[in-house]
Amino acid sequence: MEKTSRLGLERVSRPRLYEQLVEQILAYIESAQLKPGDLLPAERDLAERLGVSRATLAQALVALEVLGVIDVQHGTGAVLARRPSVASVIKGLREHRSRLPEIVEARSTLEGKLAALAAARRTDADLKAIDAALEVMAGEISDGDRGTHGDELFHQAITAAAHSSVLAQLMAFIAEMILETRMESLGQPGRPEQSLASHRRIADAIRDQDPEAASEAMLAHIELVSDVELLR
């Protein structure tokens, strides 16, 4: 926490490690004169150059991906999407970090209710869509990917199964903010497998037509995926 001295000056907070790494990566992009579409060095090489672990580097790359600076493609690597200023990126990261609790609050309120409604109203077609999303996510993870597309399909299937047009509109309104947290969460070591397991528990409760269990499973899932290391 920042402290104020007797002179009225605030002590400057030490930048978080991932912020320092983001600055160094952006400096490398500038010095190497990379252009949008160019590939960054492999994670192993970049981690060695920066003197950090690959796990630590991965958090900085996720932060850059969230802000649209890079596009991390499975099997290819990190591709530069745009070249922003360091100041604008750090400002964007801090703004995102400050609004994360509100995103979690909105998700808990909306998706807990959607899961309960899905359990009460789901059709056989809805269950097929939910199961198909689980298969997509499981396949992505099996291939070494994070499962972001399957994760997105799963939550869309739950929203559709609730058969509430107004709640669906509200979910669409916050979809972009949820996408940011999805990338961050699934970038955590071991998180894709944990997230898939919690998805299966939600699906089971909906299949059993148990609204209370479905809501509780969804809230537990959101609590899990909201634990994001790089924002601490």
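Criteria and thresholds
- The numbering scheme is per chain: residues are counted from 1 as the chain's sequence reads.
- Since the coordinates come from a predicted model, pLDDT governs what is reported: local features require at least 70, and pairs of side-chain atoms require 80 or more to be given and counted, while whole-chain, interface and lining totals use all residues.
- As a convention, hydrogens and water are excluded, and side-chain values are obtained from all of the structure's heavy atoms.
- Here a strand is any run of E in DSSP of at least two residues, a helix any run of H or I of at least four, and the numbering for each starts at the N terminus.
- Burial status follows relative accessibility: with a 1.4 Å probe on protein chains alone, a residue under 20% of its type maximum counts as buried, one over 50% as exposed, and anything between as partly exposed.
- Here, residues are in contact when the closest pair of their heavy atoms is within 4.5 Å.
- All accessible areas in this document rest on Shrake-Rupley with a 1.4 Å probe, and a residue is counted as covered only by the protein chains that are shown.
- In this tally, Asp and Glu contribute negative charge and Lys and Arg positive charge; neither His nor the terminal groups of the chain are included.
- For the purpose of locating charges, the reference atoms are NZ of Lys, CZ of Arg, CG of Asp and CD of Glu.
- Segmentation of the chain into domains, including their bounds, is taken from an automatic or database domain assignment.
- Summed over both partners, the accessible surface that disappears when two parts come together, traced with a 1.4 Å probe, is what is meant by buried area.
- Here, a salt bridge means any side-chain nitrogen of Lys or Arg that lies within 4 Å of a carboxyl oxygen of Asp or Glu.
- Throughout this description, a polar contact denotes any pair of N or O atoms lying within 3.5 Å of each other; where both atoms belong to protein, one of them has to be capable of donating a hydrogen while the other can accept it, and for residues adjacent in sequence the pair is counted only when both atoms sit in side chains.
- Inter-axis angles, ranging from 0 to 180 degrees, are taken between N-to-C directions of lines fitted to C-alpha atoms, where helices are fitted over the stretch in contact.
- Working definition: roughly parallel below 35 degrees, roughly antiparallel above 145 degrees, roughly perpendicular at 65 to 115 degrees, and oblique for all remaining angles.
- What makes a crossing left-handed is the near helix being turned counterclockwise from the far one by less than a right angle; a clockwise turn instead makes it right-handed.
- Three classes are used: nonpolar for Ala, Val, Leu, Ile, Met, Phe, Trp, Tyr, Cys and Pro, charged for Asp, Glu, Lys and Arg, and polar for all others, with Gly counted as polar.
- One requirement defines pairing of two strands: DSSP has to find at least two bridges between them.

As recorded by an unreviewed UniProt entry, the chain carries the name GntR family transcriptional regulator and is attributed to Pseudarthrobacter enclensis.

Novice: I'm lost on the overall build of the chain in this one. Help?
Specialist: A tally of helices and strands in the chain yields ten helices and two strands. Projected onto its principal axes, the C-alpha positions of the chain cover 60 × 50 × 25 Å. Within the span of the chain, comprising 232 residues, buried residues form 44% of the whole. For the chain, the proportion of contacts with a sequence separation of at least 24, taken over those separated by at least 6, is 74%. Just so you have it, the chain exposes about 12,400 Å², and 52% of that area is on carbon and sulfur atoms. Measuring between centres, the 27 positive side-chain charges of the chain sit 6 Å from its 36 negative side-chain charges.

Novice: Can you help me understand the domain arrangement of the chain in this one?
Specialist: Many structure descriptions define interface size as the accessible area lost when the parts assemble. Along its sequence, the chain is organised into domain 1 (17–84) and domain 2 (99–231). Centre-to-centre separation of domain 1 and domain 2, based on C-alpha positions: 28 Å. Between domain 1 and domain 2, a total of about 920 Å² is buried, with carbon and sulfur atoms accounting for 60% of that surface. Per-residue buried area on domain 1 facing domain 2 is highest for Gln 59, Val 66 and His 74; these three make up 56% of the total on that side. Applying the counting criterion to the domain 1 and domain 2 interface returns one salt bridge. Its salt-bridge partner being Glu 65, residue Arg 146 comes within 2.9 Å of it at the nearest N-O pair. Across the contact surface, domain 1 and domain 2 share one residue pair in polar contact (both at pLDDT 80 or more). The element best represented in the side of domain 1 that touches domain 2 is helix H3 (residues 54–66), accounting for five residues.

Novice: For this particular structure, what's the right way to read the packing of helix H6 (residues 148–162) against helix H9 (residues 191–207)?
Specialist: Helix packing geometry: the angle between the two helix axes and the distance between the axes. The interhelical angle for the contact between H6 and H9, taken along N-to-C directions, is 20 degrees, at an axis separation of 12 Å. Regarding the angle of H6 to H9, the classification is roughly parallel. The crossing of H6 and H9 is left-handed. From H6, Asp 151, Phe 154, His 155 and Ile 158 reach across to H9, where they touch Ser 195, His 199, Ile 202, Ala 203 and Ile 206. By residue class, the composition of the contact of H6 with H9 is five nonpolar, three polar and one charged.

Novice: What's the story with the environment of Gly 112 in this structure? I'm lost.
Specialist: In this structure, Gly 112 sits in helix H4 (residues 86–121). Taking the C-alpha atoms as reference, Gly 112 lies 9.0 Å from Ile 222; in sequence the two are 110 residues apart. Dropping the residues within four chain positions of it, Gly 112 is found in contact with Arg 107, Ser 215, Met 218 and Leu 219.

Novice: Any chance you could explain the pairing of strand E2 (residues 77–80) here in plain terms?
Specialist: For a regular strand, the rule is simple: side chains alternate between the two faces of the sheet. Here four bridges tie strand E1 (residues 70–73) to E2, and the two strands are oriented antiparallel to one another. The residue bridging Asp 71 from the neighbouring strand is Val 79, located in E2. Counted along the chain from E1 to the antiparallel partner E2, the turn is three residues long, and its residue Gly 75 has a positive phi close to 90 degrees.

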